[in-house]
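For reference, the chains in residue letters:
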Amino acid sequence: MSMAMESKGLGVSHALPMVESPFAELKAKMAKFTLRFDAFVASGREKILRERTEFAKGIAEDRETYKNLTKQLEHFKTKQEEAHSAIEKERLEKAEAESSIAQFSTKERSMRDSLALFQRQIADTESAISKRRAILAAERARFAKQKNKDEPEVAFFEEQLGLRIDRLTRRGEDQIRIVFNAVNERDPEREYWILLDLSKQDYEVSDSNPNIPPQDMDRYVALLNETRNLRMFLVKVRGWFKRYAAANP
């Protein structure tokens, strides 16, 4: 009976239509989704890791760039400070050079003014020297002419009146000592003399023995310079000495 029932039951099952289960389809879709999701997650994870690596690398590069830029900035700051120092030094040197140039210019102007003054003084001195030379040349010519006139008279006095002329030349001086003899009748050998200065334009008597009073000597010398007559001058001086000898035996 049981066998009959089983045979009957199998027959029924084979006779019923087969119904597809939606769970299997859903399971297949879920499996596909899971595969796609896992692939998406893996791809996203890989992308995130790659981006993280690249970001870290970029951060490291940025840090290195920042470090290099900082060093360059410090270098440029140092160079800028050095440039500022150099500019300031050049400014000070320029100011000092301009000050030196101004001082040199002032000194140059002063030296030019001094040179112009010296040149004028030299020109004035040369002019004065030329005039003095001309005067001295004229005086030498006059003295030479007067000497030619005086020599015969002096020779006459030396021969006839016992007169002697001694020339005394010292530095800056040109004098003659005119010595008179035979003045004192009681002592003919006694000498009476005067010192006649020839170094200047006008004659001067610097000394005499015995001493002729200034009022008399000044009058005799003034007459000599006015007339240039040496003979008359010697006559007057000899006359004074004779009067003195007579009054002082």
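Check the entry above for the structure.
Just so you know, these numbers come straight off a predicted model, no measurement behind them.

Participant: Is there a simple way to think about the packing of helix α3 (residues 214-227) against helix α4 (residues 230-247) in this case?
Facilitator: For any two helices packed against each other, the geometry comes down to the angle between their axes and how far apart the axes lie. Close contact between α3 and α4 brings their axes to 8 Å; oriented N to C, the two are set at 165 degrees. Regarding the angle of α3 to α4, the classification is roughly antiparallel. Here the hand of the crossing between α3 and α4 comes out right-handed. From α3, Asp 216, Tyr 220, Val 221, Leu 223, Leu 224 and Thr 227 reach across to α4, where they touch Leu 230, Met 232, Phe 233, Lys 236, Val 237, Trp 240 and Arg 243. The residue inventory of the contact of α3 with α4, partitioned by class, reads nine nonpolar, one polar and three charged.

Participant: Please explain the pattern of salt bridges as it appears in this structure.
Facilitator: Once their charged atoms are close, side chains differing in charge can pair, the charge on each being opposite to the other. As enumerated under the stated definition, the model contains 11 salt bridges in all. Asp 166 is the partner of Arg 177 in a salt bridge, and the nearest nitrogen-oxygen pair spans 4.0 Å. Placement of Arg 177 in strand β2 (residues 173-180) and of Asp 166 in strand β1 (residues 163-170) is noted, with a sequence separation of 11 residues between them. The exposure class of Arg 177 is partly exposed, given its relative accessible area of 28%. Salt bridges sharing partners connect three or more residues here, namely Arg 164, Asp 166, Arg 177 and Glu 191.

Participant: When you look at the nonpolar core in this model, what are you seeing that I'm missing?
Facilitator: One recurring pattern in soluble globular proteins is that nonpolar side chains are buried together. With 23 residues, the main nonpolar core has Ile 178, Phe 180, Ile 194, Leu 196, Phe 233, Val 237 and Phe 241 as its most contacted residues. In terms of residues, this core owes the most to one element, α4, which gives seven residues. Residue contacts for Phe 233: discarding those within four places in its chain leaves Ile 194, Val 205, Tyr 220, Val 221 and Leu 224.

Participant: Where do I start with unusual backbone geometry in this structure?
Facilitator: Trans peptide bonds make up most of the peptide bonds, and negative phi angles are found at most residues other than glycine. Here the residue pair Asn 209 and Pro 210 is connected by a cis peptide bond, since its omega of -5 degrees sits within 30 degrees of zero. With respect to the helices and strands, Pro 210 occurs in the loop between β4 (204-209) and α3. Even without a glycine there, the phi angle at Ala 182 is positive, about 55 degrees. Topologically, Ala 182 is positioned in the loop between β2 and β3 (192-197). Judged by its relative accessible area of 43%, Ala 182 falls in the partly exposed class. Of note, Arg 228 is a non-glycine position whose phi angle comes to about 60 degrees, a positive value. Since its relative accessible area comes to 16%, Arg 228 is described here as buried.

What counts, and at which threshold
Residues numbered from 1 in each chain as written. Predicted model: local features only at pLDDT ≥ 70, side-chain atom pairs only at ≥ 80, totals over all residues. Heavy atoms only, no water. Axes fitted to C-alpha atoms, helices over the stretch in contact; angles between N-to-C directions. Helix = DSSP H or I, 4+ residues; strand = E, 2+ residues; numbered from the N terminus. Parallel < 35°, antiparallel > 145°, perpendicular 65-115°, else oblique. Left-handed = near helix turned anticlockwise from the far one by under 90°. Contact = heavy atoms within 4.5 Å. Nonpolar A, V, L, I, M, F, W, Y, C, P; charged D, E, K, R; others polar. Salt bridge = Lys/Arg side-chain N within 4 Å of Asp/Glu carboxyl O. Buried < 20%, exposed > 50% of the residue type's maximum accessible area, 1.4 Å probe, protein only. Core = buried A, V, L, I, M, F, W, Y, C linked by side-chain atoms within 4.5 Å.

Interpretation note: all reported values are geometric properties and have no functional meaning in isolation.
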